[in-house]
Amino acid sequence: MSVAVALAVGHLVAGLVSPLASPFLAVGNTAIDLTPHPVKDFAIRTFGENDKLVLLGGMAVVLAGLGVVAGLLSRRSPWPGTALAAVLGLVGIVAVLARPTTTTWGVIAPLASLVAGVAAFRWLWSRGQAQTPAPAEAPGRRKFLLSTAAIAAVAGVAAAGGQWLAGRVDVEASRRGITLRPGKKAPEIPFDADFAREGTPSFLTPNEKFYRVDTALTVPRLRAEDWRLRVHGMVDNEMLLTYDDLLRRPLVEKTITLVCVSNEVGGPYISTSNFIGVDLADLLREAGVRSGSDQLATRSVDGWTCGTPVDSIMAPGSNAMLALGMNGEPLPLERGFPVRMVVPGLYGYVSATKWLVDMELTTFDAFDPYWAQRKWAKKAPVKTMSRIDRPKSFERVPAGRFVAAGIAWAQHTGVDRVEVRVDGGPWQEATLSREVNVDTWRMWRIELDLKEGNHTVECRATDRKGYTQTNERAAPIPDGASGWHSMVFTSVAG
Ligand SMILES: Nc1nc2c(c(=O)[nH]1)N[C@H]1C(S)=C(S)[C@@H](COP(=O)(O)O)O[C@H]1N2
Ligand SMILES: [Mo]
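Report on the accompanying structure. (Residues numbered from 1 in each chain as written. Chains lettered and ligands numbered in written order. Predicted model: local features only at pLDDT ≥ 70, side-chain atom pairs only at ≥ 80, totals over all residues. Heavy atoms only, no water.)

**Let's talk about the overall build of the protein chain**
(1) Moving on: A tally of helices and strands in the protein chain yields 11 helices and 19 strands.
(2) Moving on: Pairs at least 24 apart in sequence give 75% of the contacts found in the protein chain among residues at least 6 apart. (Helix = DSSP H or I, 4+ residues; strand = E, 2+ residues; numbered from the N terminus. Contact = heavy atoms within 4.5 Å.)

Printed below as a string of structure tokens:
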């Protein structure tokens, strides 16, 4: 119980001074950073967008378990419990101090947490002792239970208060107050740009269905009014930009597909949106990138870092942008509100910084960003790939005529052709959907004639540079998965 009080008080004080200093969240964030990538990958795959809830839940269970053990050990003497409360408090302090986002005041939260934990334990222990001489005596027991209930109530109120205070910065109001009017809208998506009725995704992904991958345990809450972007390092003119500065620049809208390097062959981490924002190459030209700078290092408000090749941004037609909006509205909070980066042709971890606050022109030799420090490639262009969406794995479909469908992408190059084969037979060319632009996915469909029984269907894409996907399997680490997607299914007499 005292563990709960400690965490709750820490969360409350953090809510007052700095939400990211909550010891519970700091430990969680540190756990995320220390988790080896395969485990993180597994968590993302298994729990999907719930991976963070599972982590916090797991932490709560472990802490409760420790509390019970300490309670049992403390029957005779208060010291085991006191020691546990103190050690947990220290872990909280270390975790908060180790976060890149901690301010001087932030340390108060885990300190308060430690004090509250120890104090609550000592108090409960002394109350518990009062009943020991006559264990059967009801009043003593009742008093102890009442104290416990009181402590639980305090913990609950403190935790809720912390949540509320952390949310008091009214980001939603800031977001609602923004209207984005791109001077140049993206062309209408033609009706034949997808084969959604035959099993492919819709061409544009609704914001709430867009895949999400990031290390942020709590979504950063940054008001557009408070947002600043510092542009510095190897530049002739340092810049400090406000949100209004960006709104004064020409706003454009572009249809762009985003892919995560963690996507397995056939995986779901790919989505497409109409991004609204300002041209990033123009902005860097104003800053005046010095020769020799080959990496743009970007940082989010919660300390995540990313490195993007400068030439991928500056190349004519790169379509790199600082995005303020998605599908007609300001970026949703979990998409990086107020401002994120988007660079077509590069996996998200080397291009798509959300909650962007800092851009430093540097070199690949001088700086390794977050994932490069964890054995992922420093440069990672999106690989040409394709995926089968229909049939589904082990689906039973009627024998005879059957339409298989899926997606393909060769971002920044364009998909030239998708071929499909059944049971290792000859490759047959699929029909492609109307191309929207080379920075987006493209859908395919093909009519098959299937005999009753089990089948395996495979697909492969060829891009406009003439590269055809090979069946050489590669895991996502270090620079993206490769290999043909295949699906086993059954045709049954209809
Ligand atoms: N601040 C921040 N930005 C980030 C990340 C992150 O962990 N933190 N993850 C990146 C990765 S790995 C990907 S694939 C994309 C995903 O963007 P989405 O969640 O909007 O789909 O964001 C990128 N931007
Ligand atoms: Mo990613």
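**Here we look at the sheet that holds strand β14 (residues 415-422)**
(1) Moving on: Spatially, β12-β19-β18-β14-β15 is the arrangement adopted by the 5 strands of the open sheet, whose pairing is mixed. What marks the edges here is a single partner per strand, and that holds for β12 (396-398) and β15 (428-429).
(2) Moving on: Pairing of β14 with strand β18 (residues 453-463), which is carried by 7 bridges, proceeds in the antiparallel orientation. Bridge assignment links V422 to a residue of β18, and that residue is V457. (Pairing = 2+ DSSP bridges.)

**Concerning the nonpolar core**
(1) Moving on: Ranked by size, the top nonpolar core spans 82 residues in total, and within it V231, L246, L280, L296, L322, Y349 and M359 carry the most contacts.
(2) Moving on: Leave out the neighbours within four places in its chain, and V231 touches E238, M239, L241, L283, A287, M359 and L361. (Core = buried A, V, L, I, M, F, W, Y, C linked by side-chain atoms within 4.5 Å. Buried < 20%, exposed > 50% of the residue type's maximum accessible area, 1.4 Å probe, protein only.)

**Observations concerning the site of ligand 1**
(1) Moving on: In the vicinity of ligand 1 there are 18 residues, among which Y211, T215, R335, R340 and K354 approach most closely.
(2) Moving on: Interatomic distance of 3.1 Å between a backbone N/O atom of V213 and an oxygen atom of ligand 1.
(3) Moving on: Take R340: an N or O atom from its side chain is 2.8 Å from an oxygen atom of ligand 1.
(4) Moving on: Against a free-state accessible area of 530 Å², the protein chains account for coverage of 99% of ligand 1.
(5) Moving on: Within the shell around ligand 1, the residues separate by chemical class into 9 nonpolar, 4 polar and 5 charged. (Near = heavy atom within 4 Å. Polar contact = N/O pair within 3.5 Å; in protein donor to acceptor, adjacent residues only side chain to side chain. Areas by Shrake-Rupley, 256 points an atom, 1.4 Å probe, with all protein chains shown as cover. Nonpolar A, V, L, I, M, F, W, Y, C, P; charged D, E, K, R; others polar.)

**Let's talk about the sheet that holds strand β16 (residues 431-432)**
(1) Moving on: Pairing within the open sheet is antiparallel, and its 4 strands lie in the order β11-β13-β17-β16. Unpaired on one side and paired on the other, β11 (385-390) and β16 mark the two borders of the sheet.
(2) Moving on: Bridge count for β11 against strand β13 (residues 400-409) is 5 bridges, and the pairing is antiparallel. Bridging across to β13, R390 finds its partner in A405.

**Here's the deal with helix α10 (residues 280-287)**
(1) Moving on: Inspection of α10 places L280, A281, L283, L284 and A287 among the buried residues, and these make up the whole buried set. Around the axis of α10, the buried residues are gathered within 160° of arc, so they sit on the same side.
(2) Moving on: Between the side-chain oxygen at the start of α10 and the backbone nitrogen of A281 there is a gap of 3.0 Å, and the oxygen is on D279.
(3) Moving on: Looking one or two places after α10, you find G288, whose phi comes out positive at around 75°. (Arc of directions from axis to C-beta.)

**With respect to the pairing of strand β6 (residues 305-309)**
(1) Moving on: With 5 of its 5 residues buried, β6 lies for the most part within the structure.
(2) Moving on: Judged by which residues are buried, β6 turns out to be covered on both faces: T305, G307 and P309 on one side and C306 and T308 on the other are all buried.
(3) Moving on: Across 5 bridges, strand β5 (residues 295-300) lies against β6 in antiparallel orientation. By the bridge assignment, Q295 is partnered in β6 with P309.
(4) Moving on: Where β5 folds back onto β6 in an antiparallel hairpin, the turn is made up of 4 residues, including G303, whose phi is positive at roughly 90°.

**Brief notes about the pattern of salt bridges**
(1) Moving on: Under the definition given, this model contains 20 salt bridges.
(2) Moving on: D226 is the salt-bridge partner of R223, the closest N and O atoms lying 3.0 Å from each other.
(3) Moving on: Here R401 and E447 are joined by a salt bridge, their closest N and O atoms 3.0 Å apart. Pair noted here: R401 is in strand β13 and E447 is in strand β17 (residues 442-450), with a separation of 46 residues, a long-range link. (Salt bridge = Lys/Arg side-chain N within 4 Å of Asp/Glu carboxyl O.)

**Observations regarding empty space enclosed by the protein**
(1) Moving on: Scanning the entire structure with this criterion turns up 3 cavities of 30 Å³ or more.
(2) Moving on: Looking at which domains feed residues into the lining of the largest cavity, each of domain 2 (191-374) and domain 3 (385-492) supplies at least three. (1 Å grid on protein atoms, 1.4 Å probe; cavity = no way out; pocket = protein on both sides within 12 Å on 5 of 7 lines; lining within 4 Å. Points joined across faces, edges and corners; volume = space filled by probe spheres on them. Domains from an automatic or database assignment.)

**Focus: the packing of aromatic side chains**
(1) Moving on: One pass over the full model with this rule turns up 9 aromatic pairs.
(2) Moving on: Ring geometry for W427 and W484: centres 5.1 Å apart, planes at 75°, overall edge-to-face. Of this pair, W427 sits in the loop between β14 and β15 while W484 sits in the loop between β18 and β19 (485-492); the two residues are 57 residues apart in sequence, bridging distant segments of the chain.
(3) Moving on: One cation-aromatic arrangement involves R374 over Y370; the distance from NZ or CZ to the ring centre is 3.7 Å. (Phe/Tyr/Trp six-rings, centres within 6.5 Å; stacked < 30°, edge-to-face > 60°. Lys NZ or Arg CZ within 6 Å of the ring centre and 35° of its normal.)

**Focus: the side chain of T305**
(1) Moving on: By secondary structure assignment, the location of T305 is in strand β6.
(2) Moving on: Within polar-contact distance, the side chain of T305 engages the backbone nitrogen of Y370 at 2.8 Å.
(3) Moving on: Among all residues touching T305, those that are not within four sequence positions of it are T298, R299, F367, P369 and Y370.

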